[in-house]
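Commentary on secondary and tertiary structure
Listed here are the chains, written in short residue letters.
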Amino acid sequence: MKFQGTPSYIISKKLQNLKFFLKNWSKTTYGKISENKAQPTAQIDDLNAMEEFSTLSDTQFIERVELRAKLKQINLDNARKWLVRSMTQHFKEADANTKFFHSLANGRRRRNTIQKLIINGEDNFSLGDISDEISRYFYKLFQDDHTLRPQIEEKYFTKITDQESRSLEREITEDEDEAWKIIKNFKNNKSSGPDRYNMDLFKVV
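Criteria and thresholds
- By convention here, each chain's residues receive numbers from 1 onward along its written sequence.
- With the structure being a predicted model, the display of local features is reserved for residues of pLDDT at least 70 and the display and counting of side-chain atom pairs for 80 or more, all residues being used for whole-chain, interface and lining totals.
- Hydrogens are left out, water is left out, and the side-chain values use all remaining heavy atoms of the structure.
- Numbered from the N terminus, helices here are DSSP runs of H or I no shorter than four residues, and strands are runs of E no shorter than two.
- Buried, partly exposed and exposed residues are distinguished by accessible area as a fraction of the type maximum, computed with a 1.4 Å probe on protein chains only: under 20%, between the cut-offs, and over 50%, respectively.
- Contact definition: two residues touch when any of their heavy atoms are within 4.5 Å.
- Surface patches are defined over residues having more than 30% relative accessible area and no salt bridge, joining like charges when they lie within 9 Å and nonpolar side chains (Val, Leu, Ile, Met, Phe, Trp, Tyr) when within 5 Å.
- Accessibility throughout is a Shrake-Rupley quantity obtained with a 1.4 Å probe, and a residue counts as covered only by protein chains that appear here.
- Basic side-chain nitrogens of Lys or Arg form a salt bridge, by our definition, when they fall within 4 Å of a carboxyl oxygen of Asp or Glu.
- What counts as a ring pair is set by centres within 6.5 Å for rings of Phe, Tyr and Trp (its six-membered ring), and what kind of pair is set by the plane angle: stacked under 30 degrees, edge-to-face over 60, tilted for all other angles.
- For the purpose of charge, His is not counted, nor are the chain termini; Lys and Arg are scored as positive and Asp and Glu as negative.
- We put the charge of a Lys on NZ, of an Arg on CZ, of an Asp on CG and of a Glu on CD.

When helices and strands are counted, the chain shows 8 helices and 2 strands. What you see in the chain, going N to C, is helices and strands ordered as α-α-α-α-β-β-α-α-α-α. In the chain, buried positions account for 10% of the 205 residues. Considering only residue pairs separated by 6 or more positions, the chain has 22% of its internal contacts joining residues 24 or more positions apart.

Next comes the structure, spelled out in C-alpha cells:
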C-alpha cells in the first residue's frame, strides 16, 4: 500500500496497517490453540484405547508419534504466546501494585515452595515437619562431628627455669653496654611491639 502526504502521516498509516496484519496473523496462529489441541488429543486418546485391546500397526504407531509431536508444538506455541504477553504487560506495569504483579509473585512463591518431602521413607505434606527436617539436615551437614584439636604436650618443648624467667623480667639498672649490644643485634624493618615503637627507633635514639 502506498500513501501520500507528510512523512509523519505516511509512517502513521503504515503502522496502522501493520497492526491490522499482525492482528490477523496472531488470530490465525494463536487464536485457535484450544481447537487445534482438541483434535490431536482426541486422536491420541483413541489410539491409546485401541492399544489396550490390540497391537497398533506400524502406520498407527507412526501416526501417534506425529500427533504427539504436533501437540507438543501447539503447547510450545501457546507457552510462547503467553510469555510474550507477560513480558509486554510487565513492561507496561513494571512493579506496580497490580493484580499482574501479585500473580507473578505468587507464582514464584509456589515454584519455590516445597510441597512434599520424603521423611523416614514416607511422603510428608506438613509444612512444619518439612521445615524441621530441612533444619535438622543442614544442622547435621555443617556440624563438626570429628573435631581435630592439636594437643601441645610438654615433651616437645624445653622449659626455662624459674631463675631464667625472673632474669628476663628484671629491670636493667646497670651494664648498659650489654643492653645496647642486645638492641643493636635486633634486625631492622620489623613490626612494632605493644608500645608501637619498632627497634629502628631505639637504635637511632
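Considering the arrangement of structural elements, one finds Asn 124 in strand β2 (residues 122–124). Leaving out residues up to four positions away in the same chain, Asn 124 has contacts with Gln 115, Lys 116, Leu 117, Ile 119, Asp 129 and Ile 130.

We now examine a nonpolar patch on the surface. Nonpolar side chains collect at one region of the surface, where Ile 11, Leu 15, Leu 18, Leu 22 and Trp 25 lie side by side and expose about 520 Å² of accessible area between them. The residue Ile 11 is located in helix α1 (residues 7–30) in this model. With relative accessibility at 51%, the residue Ile 11 sits in the exposed group.

Turning next to the side chain of Arg 64. By secondary structure assignment, the location of Arg 64 is in helix α3 (residues 58–93). Setting aside residues no more than four positions away along its own chain, Arg 64 makes contact with Leu 47, Asn 48, Glu 51 and Leu 56.

Among the secondary structure elements, Asn 188 is positioned in the loop between α7 (176–185) and α8 (199–204). When the C-alpha atoms of Asn 188 and Leu 201 are compared, they prove to be 9.8 Å apart, with 13 residues separating the residues in sequence. In this structure, Asn 188 is in contact with Asp 200 and Lys 203, ignoring residues within four places of it in sequence.

Let us now look at the packing of aromatic side chains. Aromatic ring pairs: the centre-centre distance and the angle between the two ring planes describe each pair. Overall, the coordinates contain 2 aromatic pairs when judged by the stated rule. Ring geometry for Tyr 137 and Phe 138: centres 5.1 Å apart, planes at 85°, overall edge-to-face. For Phe 138, a relative accessible area of 43% corresponds to the partly exposed category. Between Phe 138 and Phe 142, the ring centres sit 6.4 Å apart and the planes meet at 15°, which makes this aromatic pair stacked. Each residue in the set Tyr 137, Phe 138 and Phe 142 is aromatic and connected to the rest through ring pairs, giving one cluster.

Once that is clear, we can look at the pattern of salt bridges. A full pass over the atoms with the stated rule returns 3 salt bridges. Glu 51 is the partner of Arg 64 in a salt bridge, and the nearest nitrogen-oxygen pair spans 2.6 Å. Here Glu 51 lies in helix α2 (residues 33–53) and Arg 64 lies in helix α3, a separation of 13 residues in the sequence.

With that out of the way, let us pick up a positive patch on the surface. A grouping of Arg 108, Arg 109, Arg 110 and Arg 111 is seen on the molecular surface, where their side chains present a positively charged patch. Note on placement: Arg 109 falls in helix α4 (residues 99–112).

Unusually for a residue other than glycine, Asn 120 sits at a positive phi of about 55°. Mapped onto the elements of the fold, Asn 120 is located in the loop between β1 (117–119) and β2. Of the residues examined, Asn 120 reaches a relative accessible area of 77% and is grouped as exposed.

A separate point is the environment of Asn 75. Relative to the assigned elements, Asn 75 resides in helix α3. Here Asn 75 falls in the partly exposed class, since its relative accessible area comes to 33%. Separated by 38 residues in sequence, Asn 75 and Lys 37 place their C-alpha atoms 8.2 Å apart.

By themselves these figures say nothing about function.
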